[in-house]
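Residue-level structural notes
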Amino acid sequence: MTAPSAALSRTIAGVRMAASVFFLLFGEYKVVRPGFAHGDFQTYLQDYIANGAVSFYRPFLAGVVLPHAVFFGYVVGVVELLIGISLLIGLWVRPACVLGILFLINMLLATWWEPGHGVPVWRYFGNELDHLPLLLLLIIFFAADAGRVWGLDGRRGQASRG
C-alpha cells in the first residue's frame with residue numbers, strides 16, 4: 001500500500017477536525033440540556049419503535065433502551081462528545097471511529113423505515129443524510145489513520161518510535 005500524499009493527509013486531518021464540530025454540538029446539547037435525556041429521548045425512542053426501526057431492532061429498543069431511557073440519553077450525549085473530542089485533538093481516532101461507526105449503524109437501524117414502507121429506495125437513503133455521510137467519513141478517518149496528521153496519535157507514534 002502506498003502512503004497517502006502529504007496534501008491528502010492534511011486534507012483528511014482538516015476534515016476530521018471539521019467533522020468533530022458536529023459531534024461536539026450534538027453531544028453538548030444532549031449532556032448540558034437535561035430535557036433531552038429526561039423527555040426528548042423517550043419521545044424519539046417511542047417514534048423509532050413505532051415507525052422507524054427495522055423489525056429485528058425494535059425489541060432491543062423497546063426492551064433494553066426504553067426502560068433505561070434517561071441513562072441511555074446521557075450515554076448518547078457522552079459518546080458523541082467523546083467522539084468529537086477525539087476527532088478534534090486527533091487522539092485515539094481509530095477507536096473513536098469504531099465507536100462512531102457502531103453508534104451510527106445503531107441510528108440507521110433505528111430510523112431506516114421513517115419514510116414509510118414501500119416508498120422508493122432513494123427516500124430511505126435521503127432520510128439518512130444526517131447519518132450516512134458521517135458514517136462514511138468515520139470509515140475514511142479509520143482507514144487513513146487520520147489522527148497521525150495534526151493529531152496526538154501522530155505524536156504518540158513518534159514517542160513510541162523515539
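Procedures and definitions
- Residues numbered from 1 in each chain as written.
- Predicted model: local features only at pLDDT ≥ 70, side-chain atom pairs only at ≥ 80, totals over all residues.
- Heavy atoms only, no water.
- Helix = DSSP H or I, 4+ residues; strand = E, 2+ residues; numbered from the N terminus.
- Expected span 1.5 Å × (residues − 1).
- Buried < 20%, exposed > 50% of the residue type's maximum accessible area, 1.4 Å probe, protein only.
- Phe/Tyr/Trp six-rings, centres within 6.5 Å; stacked < 30°, edge-to-face > 60°.
- Lys NZ or Arg CZ within 6 Å of the ring centre and 35° of its normal.
- Core = buried A, V, L, I, M, F, W, Y, C linked by side-chain atoms within 4.5 Å.
- Contact = heavy atoms within 4.5 Å.
- Axes fitted to C-alpha atoms, helices over the stretch in contact; angles between N-to-C directions.
- Parallel < 35°, antiparallel > 145°, perpendicular 65-115°, else oblique.
- Nonpolar A, V, L, I, M, F, W, Y, C, P; charged D, E, K, R; others polar.

Another point: helix 5 (residues 93-111). For helix 5, with 19 residues, the first-to-last C-alpha span of 26 Å sits near the 27 Å given by 1.5 Å per residue. Residues V93, A96, C97, G100, I101, F103, L104, M107, L108, A110 and T111 constitute the buried set of helix 5.

Our next topic: the packing of aromatic side chains. Here the structure, examined in full by the defined rule, presents 10 aromatic pairs. Ring centres 6.5 Å apart and planes at 15° place the aromatic pair Y44 and Y48 in the stacked group. Remark: Y48 and Y44 occur in helix 2 (residues 34-52); sequence separation between them is four residues, near one turn of the helix. Between Y57 and F60, the ring centres sit 5.4 Å apart and the planes meet at 35°, which makes this aromatic pair tilted. Ring pairs connect the aromatic residues Y29, F36, F41, Y44 and Y48, which therefore count as one cluster. Over the aromatic face of F36 sits the side chain of K30, whose NZ or CZ is 5.4 Å from the ring centroid. In this structure, R94 is placed above the aromatic ring of F142, and the distance from its NZ or CZ to the ring centre is 4.8 Å.

Formed by 32 residues in total, the largest nonpolar core has its most connected members in L61, L87, L138 and F141. Among the secondary structure elements, those contributing two or more residues to this core are helix 1 (6-32), helix 2, helix 3 (58-65), helix 4 (69-89), helix 5 and helix 7 (132-144). Sorting elements by how many residues they give to this core places helix 5 first, with eight residues. Setting aside its immediate chain neighbours within four residues, L61 contacts L45, Y48, I49, A53, L66, P67 and A110.

Contact pair helix 2 / helix 4: the axes reach a minimum separation of 8 Å and the direction vectors enclose 105°. The orientation of helix 2 relative to helix 4 falls into the category roughly perpendicular. Across the interface between the two elements, P34, F36, A37, H38, F41, Q42 and L45 of helix 2 pack against A69, V70, F72, G73, Y74 and V76 of helix 4. For the contact of helix 2 with helix 4, the per-class residue count stands at 10 nonpolar, three polar and no charged.

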